[in-house]
Amino acid sequence: MAEVSSETGYVPHHKKKIAFILSAMRHFARELMSDGWQVEYVRLDDLENTGSLSSEIERAVKRHLFKSVIVTEPGEWRVLNSLTSLASRGGFSVKILDDDRFICSRDAFTAWAKGRKQMRQEHFYREMRRKTGLLIDGEKPVGGKWNLDAENRKPAKIERFFPEPLRCDPDTITKDVLALVEERFSDHFGTLDPFRFAVTRDGAEAVFDRFVDIALPRFGDYQDAMLMNEKYLYHAVVSLYLNIGLLDPLDLCRRVERAYHDGHAPLNAAEGFIRQIIGWREYVRGIYWFQGPKYVNQNVFEHARPLPDFFWTGNTEMACVRACVEQTREEAYAHHIQRLMVTGNFAMLAGVDPRVVHEWYLAVYADAFEWVEMPNTLGMSQFADGGLLASKPYAASGNYINRMSDYCTKCSYKVRDKSGPKACPFNYLYWDFLARNRHVLGNNPRLAQAYRTWDRLDDERQRDTRKEAQHFLHELDKSTIGSKA
Ligand SMILES: Cc1cc2nc3c(=O)[nH]c(=O)nc-3n(C[C@H](O)[C@H](O)[C@H](O)COP(=O)(O)OP(=O)(O)OC[C@H]3O[C@@H](n4cnc5c(N)ncnc54)[C@H](O)[C@@H]3O)c2cc1C
Ligand code: SF4
């Protein structure tokens with residue numbers, strides 16, 4: 001096992017993300033050793049550390065005169081390519097095994113996807129339900145419907161009780177890692193203290209147990225809600241543990257299914273959770289590998305704007321964006337709708353280059369690895385692939401954010417104003433986005449109503465709306481360029 005600088009530095013990862021991964025690695029190495037395995041562990045600050053996975057493998061091979069190396073397939077093209085080029089250099093063989101922590105292997109996804117005109121997630125999801133038998137009664141979905149998404153959209157009320165996820169105190173291993181990260185990565189995004197993530201399998205299991213006990217029953221109702229001072233609402237906060245292998249996805253789904261059968265959680269909660277895992281999580285991974293390394297270049301709208309500085313500083317008058325960035329800086333966590341409908345929505349409406357948006361998401365979340373982050377960012381949130389993943393862009397005006405959150409009550413912009421100095425920027429940016437991308441989106445049946453509404457506005461109103469958008473974007477560019485000068 002090797003901690004290498006090529007992995008800690010290819011994007012400016014959040015400090016908490018680096019500390020989480022290094023501490024989990026060190027704990028895992030210790031567990032393996034106490035189970036009798038021989039482990040060679042190279043620390044980030046070891047003097048001989050050569051700084052990349054492939055060079056560390058080569059060093060270990062030379063030291064021990066190994067004839068073959070067996071690894072689990074990695075989660076990014078970048079690492080897979082470095083392993084395959086290592087294999088082609090000769091001297092020893094490299095065998096890459098399937099990652100059996102996923103329910104659908106890469107080959108199984110390819111078999112499903114090949115020859116399809118559309119690779120809709122809903123179709124994939126139903127197949128995964130049949131394959132796993134989760135919430136299946138005979139041949140049919142339990143309750144009669146495959147998907148209860150429509151029952152996952154209640155706005156939350158501030159006065160509800162919101163359980164915090166279980167917090168774990170750092171032990172000596174974690175404290176050592178925290179000191180290392182503070183020293184070597186002080187210029188990276190994010191705050192390190194307080195660090196409360198679990199770093200072992202037992203710890204992650206305890207976090208999930210608490211979620212099932214306390215939050216799961218309301219997970220379904222409030223999945224899409226956002227509140228200024230409630231960072232987690234009823235979300236599980238387990239993606240980071242799943243993605244580094246501390247939790248097993250199928251096992252979590254079975255426990256949630258059991259909670260439904262035991263009468264502890266309603267169907268919209270259990271189905272909603274299971275859909276996120278065997279539907280979305282497995283599906284986006286399949287898409288990542290199926291699309292190949294060039295997927296990152298997708299940019300159907302030809303967006304080219306640099307990332308506004310406030311994605312790093314939170315320094316913006318838009319209360320929704322500020323809240324999501326500040327929370328991200330503190331927690332290395334934001335839930336799905338914050339990522340999709342606030343920061344992602346803003347970046348797309350403003351025409352930010354999807355590649356830099358992708359690099360931001362990859363850096364700032366503790367759960368971010370390319371196989372899951374890239375399709376979510378480029379495909380779902382930026383629609384950069386032109387609709388491979390989503391049937392329409394997740395674009396919304398301030399009205400959506402106002403309906404689903406309390407952000408607008410704390411904002412210096414006015415969500416109901418469509419124009420004027422106090423108008424919510426999401427309002428005019430939304431129309432400007434649709435108007436400037438009509439050549440791409442104009443025939444999308446799911447946007448027909450929106451275009452009809454736009455077409456009903458007289459020329460002057462349309463011109464003024466677009467002028468306000470241009471003015472806002474011009475000021476945005478000035479401040480971004482100004483901050484780089
Ligand atoms: C722009 C953008 C970037 C994202 N980047 C990542 C990322 O880097 N890593 C990551 O794990 N998720 C990513 N997601 C998906 C999702 O936002 C997170 O998985 C979720 O917020 C994690 O929080 P949670 O554990 O509390 O999830 P919950 O809401 O409690 O959901 C339970 C589990 O379902 C899975 N899940 C839910 N939605 C998705 C999804 N769309 N894709 C894959 N798995 C999903 C996660 O494993 C999650 O832990 C991204 C979404 C968007 C819109
Ligand atoms: S008014 Fe607009 S910018 Fe302000 S919080 Fe609401 S949606 Fe965000």
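Look up a bit, the structure's there.
Residues numbered from 1 in each chain as written. Chains lettered and ligands numbered in written order. Predicted model: local features only at pLDDT ≥ 70, side-chain atom pairs only at ≥ 80, totals over all residues. Heavy atoms only, no water.

Draft legend 1. Spotlight on a negative patch on the surface. Together, Asp458, Asp459, Glu460 and Asp464 make up a region of like negative charge exposed at the surface. In this fold, Asp459 is placed in helix 21 (residues 459–484). Using a relative accessible area of 56% as the deciding quantity, one classes Asp459 as exposed. (Patch = residues over 30% accessible without salt bridge, like charges linked within 9 Å, V, L, I, M, F, W, Y side chains within 5 Å. Areas by Shrake-Rupley, 256 points an atom, 1.4 Å probe, with all protein chains shown as cover. Salt bridge = Lys/Arg side-chain N within 4 Å of Asp/Glu carboxyl O. Lys, Arg positive; Asp, Glu negative; His and termini not counted. Charge placed at Lys NZ, Arg CZ, Asp CG, Glu CD. Helix = DSSP H or I, 4+ residues; strand = E, 2+ residues; numbered from the N terminus. Buried < 20%, exposed > 50% of the residue type's maximum accessible area, 1.4 Å probe, protein only.)

Draft legend 2. Quick look at the packing of helix 5 (residues 106–113) against helix 11 (residues 267–291). It is the contact of helix 5 with helix 11, at a shortest axis distance of 9 Å, that shows an interaxial angle of 85°. Considering the angle they form, helix 5 stands roughly perpendicular to helix 11. Contacts between helix 5 and helix 11 pair Arg106, Phe109, Thr110, Trp112 and Ala113 from the former with Tyr283, Arg285, Gly286, Ile287, Trp289 and Phe290 from the latter. Among the residues making up the contact of helix 5 with helix 11, the classes are represented as seven nonpolar, two polar and two charged. (Axes fitted to C-alpha atoms, helices over the stretch in contact; angles between N-to-C directions. Parallel < 35°, antiparallel > 145°, perpendicular 65-115°, else oblique. Contact = heavy atoms within 4.5 Å. Nonpolar A, V, L, I, M, F, W, Y, C, P; charged D, E, K, R; others polar.)

Draft legend 3. Region of the structure containing the environment of Val181. Summarising the element assignment, Val181 is placed in helix 7 (residues 172–184). Sequence separation between Val181 and Leu22 is 159 residues; the distance between their C-alpha atoms is 9.3 Å. Apart from residues lying up to four places away in sequence, Val181 is in contact with Lys15, Ile18, Ala19, Ser186 and Leu192.

Draft legend 4. Just the site of ligand 1, in detail. For ligand 1, the set of nearby residues contains 28 residues, the closest of which are His235, Ala236, Val237, Asn243 and Tyr333. Here Tyr333 contributes a side-chain N or O atom positioned 2.7 Å from an oxygen atom of ligand 1. Across the complex, the protein chains shield 99% of the 820 Å² of accessible surface that ligand 1 would expose by itself. When contributions to the shell around ligand 1 are tallied by element, the ones reaching two or more residues are helix 9 (239–243), helix 11, helix 14 (336–350) and helix 16 (370–381). The element best represented in the shell around ligand 1 is helix 16, accounting for six residues. Partitioned by chemical class, the residues of the shell around ligand 1 number 15 nonpolar, nine polar and four charged. (Near = heavy atom within 4 Å. Polar contact = N/O pair within 3.5 Å; in protein donor to acceptor, adjacent residues only side chain to side chain.)

Draft legend 5. The environment of Arg196, seen in detail. Tracing the chain through its elements places Arg196 in the loop between helix 7 and helix 8 (201–219). Arg196 gets classed as partly exposed once you look at its relative accessible area, which sits at 31%. Separated by 268 residues in sequence, Arg196 and Asp464 place their C-alpha atoms 49 Å apart. Sequence-distant contacts of Arg196, defined by excluding residues within four places in its chain, comprise Leu166, Arg167, Cys168, Asp169 and Pro170.

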